[in-house]
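The primary structure of each chain is shown beneath.
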Amino acid sequence: MTLTGIGIAGCGRMGAPMLAALRATGFDAKGFDVRPATDFGTLAPHMLPLPAFRDHTKILITVVRDIAQTDDVLFGPQNLVATAPNLRSLIISSTLSPRYVTDLRARIPDHITLIDAPMSGAAVAASEARLSFMLGGAANDLNAHQPLFDAMGAHFHRMGHFGAGMQAKVLNNLLAASNTAMTRLVLDWADAAGIDETRLLDLIHTSSGQNWFASGFEDIEFTRDGWQPDNTIGILTKDVASALDAAPDQADITLPETVQAAIRALGPRIQHTKPS
């Protein structure tokens, strides 16, 4: 399969560096976003208006925020499924409900290959082309598209059938949300006890409380943010909702709902200086 005509729909904090990584590796990748091309700096020449994006795209990678925006891209105002004449592959890289993703197969013509490829690592990993991808789809389809993932990531986990990658991602993000909520609580309690943030984070990194959020506290761009509906902390509440949507029948969802509420209650955390 020739990997040409690559289009990324949704060039925000994750999609833009993914587009840059593909282009840096030599792929014919273009972007589309509802924001004007002038907002994208050095990527501006590679951002296309919708008509040109439709004609260009053979392999569509969606990196929009949620189900509503995904529906807009695929079936709504952009309607790429019906209006992109050369579309042959759809790669879903947004984090969405696994039920929604699995149901896409019945809504999209059979000649279009479907792969779910949500990723983990935050914007810092996207900018350094070392994302972790959780992949779902037929093995031959994943093999054919693997060079694209190689250009954007460093870790690749093939989880099974189409939809399995998304199921794995929301489970991973449920843990990430739990770590985020508890790490922020621990740091607040440490403040009250007069324990220095940096020293405690160094301890956590080498002890039994170690987790990605705490270990990356100085590098992950959203660690100090408070909840806002349109920021990464806000997205975590959406990701927990996606996990809850796919919870097993009769599952006890008390703990995930508590984590979701704790994330929603987060306020900004001030920057602490390192001890001398």
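These numbers come from a predicted model, not from an experiment.

Draft legend 1. Molecular detail of the pairing of strand β4 (residues 89–92). Residue alternation in β4 divides its side chains into two sets, S89 and I91 and L90 and I92, and both sets are buried. Sheet analysis places strand β3 (residues 59–62) next to β4, joined by four bridges and oriented parallel. Among the inter-strand pairings, I59 is bridged to a residue of β4, identified as S89. Looking at chain direction, β4 and strand β5 (residues 113–116) are connected through four bridges and run parallel. Bridging from a neighbouring strand, I91 pairs with I115 of β5. Note on the crossover from β4 through helix α5 (residues 98–107) to β5: the handedness is right-handed.

Draft legend 2. Main features of helix α7 (residues 139–152). Relative to the 20 Å expected for 14 residues at 1.5 Å per residue, α7 spans 19 Å between its end C-alpha atoms, a close match to the ideal helical length. At H145, α7 shows its strongest bend, of approximately 50°, with the proline P147 following within four residues. Within the sequence span of α7, burial applies to L142, H145, Q146, L148, F149, A151 and M152.

Draft legend 3. Spatial organisation of the nonpolar core. One finds M18, L22, I61 and F133 to be the most contacted residues of the largest nonpolar core, which totals 33 residues. Elements with a contribution of two residues or more to this core: β1 (6–9), α1 (15–24), β3, α6 (122–127), β7 (131–136) and α7. When near neighbours in sequence (up to four residues on either side) are disregarded, F133 contacts M18, S93, A117, P118, M119, F149, M152, G153, H155, F156 and H157. Counting 23 residues, the second-largest nonpolar core is a separate cluster that includes L50, L60, V64 and V101.

Draft legend 4. Here's a closer look at unusual backbone geometry. Although it is not a glycine, N79 sits at a positive phi angle of roughly 50°. Within the element layout of this structure, N79 appears in the loop between α3 (67–74) and α4 (80–83). A residue is classified by how much of its surface remains accessible, and N79, at 22% relative accessible area, is partly exposed. With phi around 55°, A129 is a residue other than glycine that occupies positive phi space. As for its position among the elements, A129 is in the loop between α6 and β7. Accessibility expressed as a relative area gives 27% for A129, which makes it partly exposed.

What counts and how
- Residues numbered from 1 in each chain as written.
- Predicted model: local features only at pLDDT ≥ 70, side-chain atom pairs only at ≥ 80, totals over all residues.
- Heavy atoms only, no water.
- Buried < 20%, exposed > 50% of the residue type's maximum accessible area, 1.4 Å probe, protein only.
- Helix = DSSP H or I, 4+ residues; strand = E, 2+ residues; numbered from the N terminus.
- Pairing = 2+ DSSP bridges.
- Right-handed = clockwise from strand over helix to strand, strands pointing away.
- Expected span 1.5 Å × (residues − 1).
- Bend = angle between axes of the 7 residues up to and from the residue.
- Core = buried A, V, L, I, M, F, W, Y, C linked by side-chain atoms within 4.5 Å.
- Contact = heavy atoms within 4.5 Å.

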